[in-house]
Each structure stands twice: as C-alpha cells, then as structure tokens.
Amino acid sequence: MTLHQTLTGPGAVPAPAPAPVTVARGDGIGPEIMEACLRVLEAAGARLAIEEIELGEAVYRQGHSAGIRPESWDSLRRTRVFYKAPITTPQGGGFKSLNVTVRKTLGLFANVRPCAAYAPAIATRHPGMDVVIVRENEEDLYAGIEHRQTDEVVQCLKLITRPGCERIVRYAFDHARAHGRRKVSCFTKDNIMKLTDGLFHRVFDEVAAEYPDIESEHWIVDIGAAKLADSPEMFDVVVLPNLYGDILSDVAAQITGSVGLGASANIGEHAAMFEAIHGSAPRHAGQDTANPSGLLLAGVMMLVHLGQPEVAERIHNAWARTIEDGLHTRDIFREGASRERLGTRAFADAVIARLGEAPRQLRPASYAGRPAIPLRPPAPRPRAQKVLVGVDVFLHAPDARPDALAQTLRAAEDGPYALSLITNRGVKVWPDGLPETFCTDHWRARFTARPGAPFNKPMLLGLLSRLHYAGLDVVKTENLYTFDGEPGFSLGQGQ
Ligand code: NAD
C-alpha cells in the first residue's frame with residue numbers, strides 16, 4: 001500500500017516546497033525508530049511529501065527474492081530519495097541482500113558514513129574522533145560473481161573499474177572540500193592485489209593531484225585499519241574499496257560509542273538513500289528501547305541533501321542537546337554519567353522539546369551555505385592498444401603432479417607459444433617448484449607467445465582443443481593482454 005502524506009510542521013523557517021521522499025519502515029526495530037524519526041522531522045518543520053513502500057522480511061516471504069516488490073521501484077524512481085529503516089534478511093533460501101540490490105540498481109556509488117565522537121555526552125575511548133568514511137558501493141567482491149570450479153575450489157571475482165575508482169575518489173575529495181576537511185586517506189592492499197587495488201591506489205594518486213589544497217595519504221589496509229581502530233583522531237576523510245569500507249565503517253561507527261548512533265547516505269547521480277548503519281536488531285523489536293539516533297542523523301543528512309539545511313540544523317542541535325542533557329537510550333546509558341534512561345518514544349519527545357536549542361559543550365551543527373557536492377561522470381579516456389600475448393588455462397586435475405602435468409601440457413604447445421608456468425592457488429609449482437607446496441585439484445597453466453611470435457584467438461582455440469583431447473578438464477581461461485605495452489596480468493607468486 002502506498003500512503004501519501006505531507007508533513008508540514010510548525011517550523012519557524014521559511015519552508016521550501018515539500019520534497020518527494022520514499023519511506024520504508026522496515027523490520028524488527030525499524031517501525032518504532034522510523035515512527036520516532038518522522039515525528040521529530042515533522043515537529044522540526046521538514047517539508048516532505050512522503051510515499052510509503054513496504055520492504056523486507058514479509059516481501060521476501062511473498063517470493064520476491066530481493067525483498068522489494070516491482071512496483072516499489074516506481075516510487076523510488078519518482079522521488080529519487082529513499083529514507084529507509086533497517087530490514088531483516090532471512091537466512092538461506094537464495095534471498096538477495098536488499099541493500100546491495102537497491103544500491104546497484106539505482107547507481108548509489110558512494111556510501112558516506114560520518115563517525116564522530118560525542119564526548120563527553122557519550123562515553124568513548126576516542127573523544128577526538130571525527131572521521132568520514134567514504135566507501136565505494138558497487139564494485140569489488142560485491143559483484144556477486146562466484147563459481148565452483150572443481151571439487152575443492154570455489155572463486156569470487158573481484159571487479160575494480162577505472163570509472164568506479166575515479167567517481168568514488170573524486171567524491172571523497174569533493175566531500176572533503178565542501179565540508180572544510182583537510183585530509184583524505186586511502187586504504188588498499190595493493191602490495192598483494194597489484195592490479196585491482198593497485199588501480200584504486202593509482203587513481204587516488206592521480207585525483208589527489210587535482211586537489212592541492214587537501215592533504216592525501218595512502219595506507220596498506222591492515223595497518224591502516226589498526227591505526228583507525230587505535231587512533232581514529234589521525235584520520236579525517238577515508239576512502240576505501242567496497243569490502244574494506246564495509247568492515248571498517250562498522251568498526252569506526254562502533255568506536256564512537258554505539259552502533260546505534262551511526263548514519264549513512266548512499267549517493268548516486270540519479271538518487272540517494274539515507275539509513276542507519278545498524279540492522280533490524282530483531283531481539284529488541286517492539287520493546288521501545290531502540291536508539292533512533294542513527295536513523296534520525298540519517299534524516300539530517302537527507303534534509304541537507306534536499307536543500308532544507310535549516311531544518312537539518314534544528315534537528316541535529318536539538319538531538320545533541322538531548323544527549324548532552326544525559327537523556328540516553330539503553331545502548332548508551334551509563335550509570336553515573338547519564339541522567340535518565342529513555343525509551344525510543346520518550347527520546348524522540350525529548351528531542352522535540354529541545355527544537356530551537358543548541359548544545360552547550362558539543363559543537364553546534366551548521367549546514368547552511370555548504371556548497372553542493374558535484375557529481376561528475378568520469379571523463380572518457382582514449383582506448384589503449386590491446387595485444388593478446390598468451391592465455392591462462394585453469395584445469396580441474398585431481399591427484400596431478402606438477403612435472404607430469406607439465407609434460408601433458410607441453411605436448412599441446414605449438415610453434416609460436418609455449419607453456420611458461422604452472423601455479424596452484426597462485427603459487428608457482430612448475431618450473432622449479434618445491435615439494436612442500438600444498439596443491440589442490442585446481443591448476444593454472446600459463447601459455448605465452450614466444451619472443452617476436454604472434455598469438456591470436458584461432459591459436460587459442462586450437463590449444464584448447466588439443467588440451468581437451470589430451471584428457472584435460474579445462475574449467476576456465478583468462479586471456480593475457482598487454483595494454484599500450486604494459487602487461488595486464490600479474491606474475492605467478494614465486495615467478
Ligand atoms: P543489528 O545491527 O541489527 O544488531 C546488532 C546489535 O546491535 C543488537 O543486538 C543491539 O544490541 C545493537 N543495536 C543495533 N541497533 C541498535 C539501536 N538502534 N539501538 C540500540 N541497540 C542497537 O545486527 P544483526 O543482529 O547482525 O542483524 C539483524 C538483521 O538486520 C539481520 O537480518 C541483518 O541482515 C539485518 N541488517 C540490515 C541492515 C539494513 O537494513 N541496512 C544492516 C545490517 C543488518
């Protein structure tokens with residue numbers, strides 16, 4: 001059912017026209033925190049023309065594998081702004097993540113999570129923390145392309161694209177500039193994944209050069225993550241590929257004091273989605289104990305996005321004053337430090353009662369006059385000269401031995417190309433492998449053109465045919481190309 005309603009509260013500020021917004025109340029604690037947030041937004045004078053859609057558990061159970069009905073997309077495409085409470089993803093049964101579906105379908109490439117400490121109002125070991133995590137939202141291992149290839153081996157493809165890197169990195173720098181931040185840090189694992197994470201790092205360096213007013217730095221993700229968890233005050237804006245961003249944005253939110261405080265915006269060229277970072281916490285559902293702060297602060301981000309910064313400020317400042325006054329929900333209540341433990345509804349009432357007030361110790365929010373963050377599509381680039389120079393052939397060969405396998409493979413060589421390498425799980429086992437290397441039933445044989453010799457698709461098909469008739473089980477091939485003379489493939493480990 002779609003419910004249309006217009007919220008026109010008693011805000012003193014001159015109101016812009018009501019902005020169309022799609023709202024989903026979600027599952028678990030979702031409905032009660034959304035109800036609390038909509039009451040605060042209304043009381044603060046937010047002008048929203050709301051369309052409600054239902055998503056989540058009930059919709060999954062009705063047979064919609066992504067948890068959303070086809071007609072809900074019409075609302076999302078009409079309003080282009082989505083205020084979403086958390087939903088429950090049923091376990092097993094081939095259900096797809098609704099969030100991943102919505103982000104990718106609507107092209108919401110940037111996930112922005114401000115993670116700030118609210119000390120002394122909320123206890124945290126990191127009172128100086130004020131970090132914004134900018135996570136790439138569409139690529140990386142989240143392409144969901146997975147295969148089982150042999151009895152023993154499954155794989156997941158990690159896809160990183162140049163336009164994807166350019167968009168997210170530029171967004172991080174533009175966000176830093178618009179919000180008066182001084183530094184952007186990038187985390188990757190490009191010492192291991194030289195092509196995929198290497199591209200993200202390279203694009204980061206290229207884009208950073210366009211923003212000389214903003215400091216930039218790169219960390220290998222493992223030590224960067226350790227520093228972020230231990231000394232978050234070292235960081236300002238952090239930009240990361242999808243998987244690292246997924247993990248570290250939760251770590252960063254948790255160390256601000258409670259995961260219940262975290263808000264996020266998912267931004268794309270055509271639409272945006274605003275939500276709390278936490279899930280539906282089903283065990284706490286219906287108890288009026290959940291903290292609505294994450295969803296409320298997501299609502300603040302939405303109002304800034306909708307061009308209602310004065311309303312956003314009123315809510316943020318009233319919320320900050322409420323927590324400063326020691327009025328806390330269960331998750332952040334500390335005996336001695338907090339004044340009163342409030343339920344979800346009473347917390348929303350306390351925020352509403354403070355609309356128009358500002359915090360005394362915490363920095364008041366100021367959103368008016370901030371430049372909009374430009375969303376520019378990446379500039380087209382000239383195409384590289386691409387030359388086929390070989391092929392990696394992946395084989396399912398149980399109980400094979402490297403030397404014997406090499407002998408069979410070498411029988412399939414032809415004049416222009418030869419077997420140059422065999423690896424198992426990426427480690428070189430031929431030529432000159434070590435007997436200690438553990439081998440599975442999944443092998444990679446690399447055939448490369450001899451110096452000066454041509455290699456082409458008909459030769460490749462001939463090679464595959466000979467391997468097949470030699471009794472080998474080819475499970476996949478990857479062509480080896482150079483791009484403007486640079487190899488577009490990694491060397492085998494130990495090569
Ligand atoms: P969760 O975030 O729902 O809850 C983990 C714990 O954090 C809770 O038990 C609770 O102690 C605390 N917590 C979370 N939000 C809180 C709040 N607002 N106030 C007070 N305490 C809060 O994580 P989970 O239990 O792993 O996931 C539950 C369901 O939520 C799963 O089905 C999962 O798939 C889904 N989920 C949805 C989203 C989303 O819709 N964006 C995000 C994450 C998880």
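The rules behind the values
- Residues numbered from 1 in each chain as written.
- Predicted model: local features only at pLDDT ≥ 70, side-chain atom pairs only at ≥ 80, totals over all residues.
- Heavy atoms only, no water.
- Helix = DSSP H or I, 4+ residues; strand = E, 2+ residues; numbered from the N terminus.
- Buried < 20%, exposed > 50% of the residue type's maximum accessible area, 1.4 Å probe, protein only.
- Contact = heavy atoms within 4.5 Å.
- Areas by Shrake-Rupley, 256 points an atom, 1.4 Å probe, with all protein chains shown as cover.
- Lys, Arg positive; Asp, Glu negative; His and termini not counted.
- Charge placed at Lys NZ, Arg CZ, Asp CG, Glu CD.
- pLDDT = per-residue confidence, 0-100.
- Salt bridge = Lys/Arg side-chain N within 4 Å of Asp/Glu carboxyl O.

Colleague: So what exactly am I meant to see when it comes to the overall build of the protein chain here?
Modeller: From N to C terminus, the protein chain includes 13 helices and 21 strands. Taken along its principal axes, the extent of the C-alpha atoms in the protein chain is 85 × 55 × 45 Å. Of all 495 residues assigned to the protein chain, the portion counted as buried reaches 53%. Taking as baseline every contact in the protein chain between residues at least 6 positions apart, the subset at least 24 positions apart corresponds to 78%. Accessible surface, the protein chain as shown: approximately 22400 Å² in total, 52% of it carbon and sulfur. In the protein chain, which carries 54 positive and 58 negative side-chain charges, the distance between the mean positions of the two groups comes to 1 Å.

Colleague: Hey, could you run me through the confidence of the model for the protein chain in this one?
Modeller: Low pLDDT marks stretches whose predicted atomic positions should not be read closely. On average, residues of the protein chain score 93 in pLDDT, and 96% of them are at 70 or above. When the criterion is pLDDT under 50, residues 1-11 qualifies, and its contacts beyond four places in sequence or with other chains add up to 30 contacts.

Colleague: Please clarify how the pattern of salt bridges should be interpreted in this entry.
Modeller: Close approach of charged atoms allows side chains with opposite charge to pair. By the definition in use, this model includes 34 salt bridges. Close ionic contact of Glu35 with Arg25 constitutes a salt bridge, the shortest N to O distance being 2.8 Å. Here Glu35 is found in helix 1 (residues 30-44), whereas its partner Arg25 is found in the loop between strand 2 (19-24) and helix 1, with 10 residues between them in sequence. A salt bridge links Asp392 to Arg444; the nearest nitrogen and oxygen atoms lie 3.1 Å apart. Taken as a pair, Asp392 in strand 16 (residues 386-396) and Arg444 in strand 19 (residues 442-449) lie far apart in primary sequence, 52 residues in all. Exposure remark for Asp392: the relative accessible area of 4% places this residue in the buried category. With a relative accessible area of 11%, Arg444 lands in the buried category. Here the residues in one salt-bridge network are Asp130, Arg181, Arg182, Asp236 and Arg363, joined through shared partners.

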